[in-house]
Amino acid sequence: MIYVLTALAVLLVFLFWFWKKGIQLIAEHKATKDLERHLFPNGEEQKQKVLETMGKITNSRFPESLMMDYFLKIKGLQIINMNDPVDFWTRKYLMTPTKMRLNYFEQVKFYETFLNYPDDIKKIIIPQGKETIEEDSEVSEFFNEEALSKKFA
């Protein structure tokens, strides 16, 4: 009787561990493939450019796996409408917190750099020696002093 109860307890602990960790590992494996297909339509070269840019933003403080996790979760939540039918594994993966935390300045730089990411691939790479991304002519035209004084006067 004691052996049966011990085996049952071990089985319950294993099932609890599998539910918490195992399901998350499966979700991560399946969802990353799906999200990479959507976020990197140009393939591995585009993925490497994103990782290089994230390395520049964070001064290479984090390994590539953590940076990719952060990128996939943040941009995945932005491109996927969670109100529409979404694959169980993708939903499970996107609803977990990121494995790394960026400080405030890194977050701002991340969102500035990847604001319109899937549409605006040319502006991803931060040019060597520059800290800012090129501005659109419309945006700079909107924010010049004359335009501001006219619109808010």
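Sequence positions are assigned chain by chain, starting from 1 and proceeding in written order. Confidence filtering applies because this is a predicted model: local features only for residues at pLDDT of at least 70, side-chain atom pairs given and counted only at 80 or more, and all residues used for totals across whole chains, interfaces and linings. Hydrogens are left out, water is left out, and the side-chain values use all remaining heavy atoms of the structure.

*Asks:* Can you tell me about the pattern of salt bridges, naming the residues and giving the values?
*Replies:* We define a salt bridge as a side-chain nitrogen of Lys or Arg found within 4 Å of a carboxyl oxygen belonging to Asp or Glu. According to the stated counting rule, one finds seven salt bridges in the structure shown. A salt bridge links Lys109 to Glu112; the shortest N-O distance between them is 4.0 Å. A residue pair is termed a helical-turn pair when its members lie 3 or 4 positions apart in one helix, as Lys109 and Glu112 do in helix H5 (residues 104–113) at three residues. With a 1.4 Å probe rolled over the protein chains alone, any residue whose accessible area is under 20% of its type maximum counts as buried; one over 50% counts as exposed, and the rest are partly exposed. For Glu112, a relative accessible area of 49% translates into the label partly exposed. Working definition: helices are DSSP H or I runs of at least four residues, strands are E runs of at least two. Numbering for both runs from the N terminus.

*Asks:* I'd like to hear about the nonpolar core, residue by residue, with values.
*Replies:* To qualify as a nonpolar core, a set must consist of buried Ala, Val, Leu, Ile, Met, Phe, Trp, Tyr and Cys residues joined through side-chain atoms within 4.5 Å. Grouped together as the largest cluster of nonpolar side chains are 25 residues, with contacts concentrated most on Phe40, Met54, Phe71, Phe110 and Phe114. Of all the secondary-structure elements, those providing two or more residues to this core are helix H1 (2–39), helix H2 (44–58), helix H3 (64–79) and helix H4 (88–94). Here this core takes six residues from H3, the largest share from any one element. What Phe110 contacts, discounting residues up to four positions off in sequence, is Met54, Ile57, Tyr70, Phe71, Ile74 and Leu102. Throughout, a residue-residue contact means that at least one pair of heavy atoms, one from each residue, lies within 4.5 Å.

*Asks:* Residue-level account of the packing of H3 against H5, with values.
*Replies:* Where H3 contacts H5, the two axes come as close as 12 Å, and the packing angle between them is 55°. On the basis of their axis angle, the class for H3 and H5 is oblique. Handedness of the crossing formed by H3 with H5: right-handed. In contact with Tyr70, Phe71, Ile74 and Gln78 of H3, H5 contributes Gln107, Phe110 and Tyr111. Three classes are used, and their members are as follows: Ala, Val, Leu, Ile, Met, Phe, Trp, Tyr, Cys and Pro are nonpolar, Asp, Glu, Lys and Arg are charged, and the others, Gly among them, are polar. Residue composition of the contact of H3 with H5, grouped by class: five nonpolar, two polar and no charged. To define axes, lines are fitted to C-alpha atoms, for helices over the stretch in contact only, and angles between the resulting N-to-C directions are given on a 0 to 180 degree scale. Angular relationships are summarised with four words: roughly parallel below 35 degrees, roughly antiparallel beyond 145, roughly perpendicular across 65 to 115, and oblique for the angles in between. A crossing counts as left-handed when the near helix is turned anticlockwise from the far one by less than a right angle, and as right-handed when that turn is clockwise.

*Asks:* Give me the lowdown on the packing of aromatic side chains, citing residues and values where you can.
*Replies:* By convention, a stacked pair of Phe, Tyr or Trp rings (six-membered ring in the case of Trp) has centres within 6.5 Å and planes under 30 degrees apart, an edge-to-face pair has planes over 60 apart, and any other such pair is tilted. Using the criterion set out here, one finds eight aromatic pairs in the structure. Ring centres of Tyr70 and Phe110 lie 5.2 Å apart, and the angle between their planes is 80°; this geometry places the pair in the edge-to-face category. Of this pair, Tyr70 sits in helix H3 while Phe110 sits in helix H5, and the two are 40 residues apart along the sequence. Assigned by exposure class, Tyr70 and Phe110 land together as buried. Measuring from ring centre to ring centre gives 6.3 Å for Phe71 and Phe110, while their planes differ by 80°; the resulting arrangement is edge-to-face. One end of the pair, Phe71, is in helix H3; the other, Phe110, is in helix H5, with 39 residues separating them in the sequence. Of the two residues examined, Phe71 and Phe110, each falls in the buried class. Put simply, the rings of Phe40, Tyr70, Phe71, Phe110, Tyr111 and Phe114 touch in pairs and so form one group of aromatic residues. Above the plane of the ring of Tyr93 lies Lys73, whose end atom (NZ or CZ) is 4.9 Å from the centre. Cation placement over rings: the criterion is NZ of Lys or CZ of Arg within 6 Å of the ring centroid and within 35° of the ring normal.

*Asks:* Describe unusual backbone geometry, listing the residues and the values that go with them.
*Replies:* Trans is the prevailing form of peptide bonds, just as negative phi is the prevailing case for residues other than glycine. If you check the backbone angles, Asn59 has positive phi at about 55° while not being a glycine. Position of Asn59 relative to the elements: it lies in the loop between H2 and H3. Positioned with a positive phi, Ser60 is a non-glycine residue whose angle comes to about 55°. Along the chain, Ser60 turns up in the loop between H2 and H3.

*Asks:* So, a nonpolar patch on the surface: which residues are in play, and what are the values?
*Replies:* Each patch is built from residues that are more than 30% exposed by relative accessible area and take part in no salt bridge. Like charges join if they lie within 9 Å; nonpolar side chains (Val, Leu, Ile, Met, Phe, Trp, Tyr) join within 5 Å. Here, Shrake-Rupley sampling with a 1.4 Å probe gives the accessible areas, and only protein chains in the shown set may cover a residue. A cluster of nonpolar side chains, namely Met1, Leu5, Leu8, Leu11, Leu12, Phe14, Leu15, Trp17, Phe18 and Ile26, defines an oily patch on the protein surface of about 1,000 Å² accessible area. Take Leu8: it is sitting in helix H1.

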